[in-house]
Amino acid sequence: MTHGFGMEPLESSHRILSLLPAATELACALGAASRLVGRSHACDHPESIRGLPAVTASAVTVGASGPAIHQAVLGARERPRTLFRLDAGRVRSLKPDLILTQTQCAVCAVDLAEVEAMVAAWDGPAPRIVALCPGRLPDLWDDLHRVALALGLPDEGREVIQGLKTRLVNVLQQVALVEHRPRVACLEWLDPLMGTGHWIPELVELAGGLPVCGRAGEPSRRLDWTALADAEPEVIVAMPCGFDLERTCAELERLWSRIEWTLLPAVRAGRVAATDGNAYFTRPGPRLVDSIEVLAELLHPDLFPRPRHRDTGWRAVAR
């Protein structure tokens, strides 16, 4: 069973099932939205795919508190299949020829081993699996290329990659000569505190900041309040995994009762931003380039007097 290496392109008539929001966005960016026959419960962009049948569900209660979600995730690290439910019968009824999924995070989507076991039990021809594993920003280009090849759309893949890189260069040109690159703490979770890793530190650097509390290519890690204070962040960007902008703003409100929070340099200077982490930063698809634009806008407001993403992708939070 292939996971996407050395694949021959599929014919345009094949049917795609995506179990990963980022993969759904990649397929749609390549012009293959009409070939999607199903999605995961978390696939919500673009709007046109929301009517597709969902073949997964989350075991975590919608609207659960941050600490409750954290405890569920901790349990899922030992038992990944307890966090999501995969409807194998519904998958079979959709007759996909290609399944897009991932191996990067066992608590972000259905476990790959479960998908493989489901497919192995099928009678007749089994769909191919393309399992993505992004860890850093360059992996986005690789994933786009691999999905494009799997869909038989190599030319479209090159065009999409070029368009995204052009937007990235536009940001780099605007922030290239900034006199001060602020120290930026990006938080993937707020209770308990977690600093971001993977591709996020790279995004911060490209947007004209100095990342603290996380290293590129490494997993996100737990922080204590002392470590966050010692990092002396000049800007704090909250991007909880799975939370939209409104939910992130609500979660930040709870921190104002903590003296440790109010003493942080970024908080005292009024440089705290809430973001839509679910749509942008924690979703390694085409909107990672939007995420760089978001960071550049909030880090360097003098360079972006008409921020395109304010109030949709980010919002300043102060007391």
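Structure report, in brief. Note that the structure is a prediction, hence the values are computed from the model and not measured.

## Examining the packing of aromatic side chains
- According to the stated counting rule, one finds two aromatic pairs in the structure shown.
- Ring centres of Trp189 and Phe243 lie 5.0 Å apart, and the angle between their planes is 45 degrees; this geometry places the pair in the tilted category. Of this pair, Trp189 sits in strand S7 (residues 183-190) while Phe243 sits in the loop between strand S11 (235-238) and helix H9 (245-253); the two residues are 54 residues apart in sequence, bridging distant segments of the chain. In this structure, Trp189 and Phe243 share a single accessibility class: buried.
- Summarising the aromatic geometry, the rings of Trp256 and Trp261 are spaced 6.2 Å apart at their centres and angled 85 degrees between planes, so their arrangement reads as edge-to-face. The exposure classification of Trp256 matches that of Trp261, with both residues buried.
- Between the NZ or CZ atom of Arg247 and the centre of the ring of Phe243, over which it lies, the distance is 4.1 Å.
- Across the ring face of Tyr280, the terminal group of Arg287 is positioned such that the distance to the ring centre comes to 5.3 Å.

## Notes on the layout of surface pockets
- The calculated volume of the second largest pocket comes to roughly 160 Å³.
- Glu25, Cys28, Ala29, His45, Val160, Gly163, Leu164, Arg167, Pro286, Arg287 and Asp290 are the residues that line the second largest pocket.
- Among the elements of the structure, helix H1 (21-29) and helix H6 (154-175) are those that each provide at least two residues to the lining of the second largest pocket.
- It is H6 that contributes the most residues to the lining of the second largest pocket, four residues altogether.
- Considering only residue class, the lining of the second largest pocket consists of five nonpolar, two polar and four charged.

## What about the state of the cysteines?
- Summed over all chains, the structure comprises zero disulfides.
- You can see Cys28 has no disulfide; the closest cysteine sulfur is in Cys43, sitting 9.0 Å from it.
- By relative accessible area, Cys28 is classed as buried at 17%.

## Observations regarding the pairing of S11
- Here S11 shows no split at all, with Val235 and Val237 on one side and Ile236 and Ala238 on the other all buried.
- Looking at chain direction, S7 and S11 are connected through four bridges and run parallel. Looking at S11, one finds that Val184 is bridged to Val235.
- Note: S11 against strand S12 (residues 272-275), three bridges, orientation parallel. Considered in S12, the bridge of Ala238 is made with Ala274.

## What about empty space enclosed by the protein?
- Within the structure shown, the criterion is met by one cavity of 30 Å³ or more.
- Its boundaries defined by the atoms lining it, the largest cavity holds a volume of some 40 Å³.
- Surrounding the largest cavity, Val184, Cys186, Thr196, Ile200, Pro201, Val204, Pro211, Val212 and Gly214 form its lining.
- Elements with a minimum of two residues in the lining of the largest cavity: S7, helix H7 (200-206) and strand S9 (210-212).
- At three residues, H7 tops the list of elements feeding residues into the lining of the largest cavity.
- Classifying every residue of the lining of the largest cavity gives seven nonpolar, two polar and no charged.

## Observations regarding the sheet that holds strand S6 (residues 128-132)
- Reading across the sheet, the four strands line up as S2-S1-S5-S6 and stay open at both edges, with parallel pairing between neighbours. Unpaired on one side and paired on the other, strand S2 (36-38) and S6 mark the two borders of the sheet. Direction aside, neighbouring strands of the sheet carry axes that sit 30 degrees apart on average.

Parameters at a glance
Residues numbered from 1 in each chain as written. Predicted model: local features only at pLDDT ≥ 70, side-chain atom pairs only at ≥ 80, totals over all residues. Heavy atoms only, no water. Phe/Tyr/Trp six-rings, centres within 6.5 Å; stacked < 30°, edge-to-face > 60°. Helix = DSSP H or I, 4+ residues; strand = E, 2+ residues; numbered from the N terminus. Buried < 20%, exposed > 50% of the residue type's maximum accessible area, 1.4 Å probe, protein only. Lys NZ or Arg CZ within 6 Å of the ring centre and 35° of its normal. 1 Å grid on protein atoms, 1.4 Å probe; cavity = no way out; pocket = protein on both sides within 12 Å on 5 of 7 lines; lining within 4 Å. Points joined across faces, edges and corners; volume = space filled by probe spheres on them. Nonpolar A, V, L, I, M, F, W, Y, C, P; charged D, E, K, R; others polar. Disulfide = S-S within 2.5 Å. Pairing = 2+ DSSP bridges. Axes fitted to C-alpha atoms, helices over the stretch in contact; angles between N-to-C directions.

Everything listed here is a matter of geometry and, on its own, says nothing about what the molecule does.
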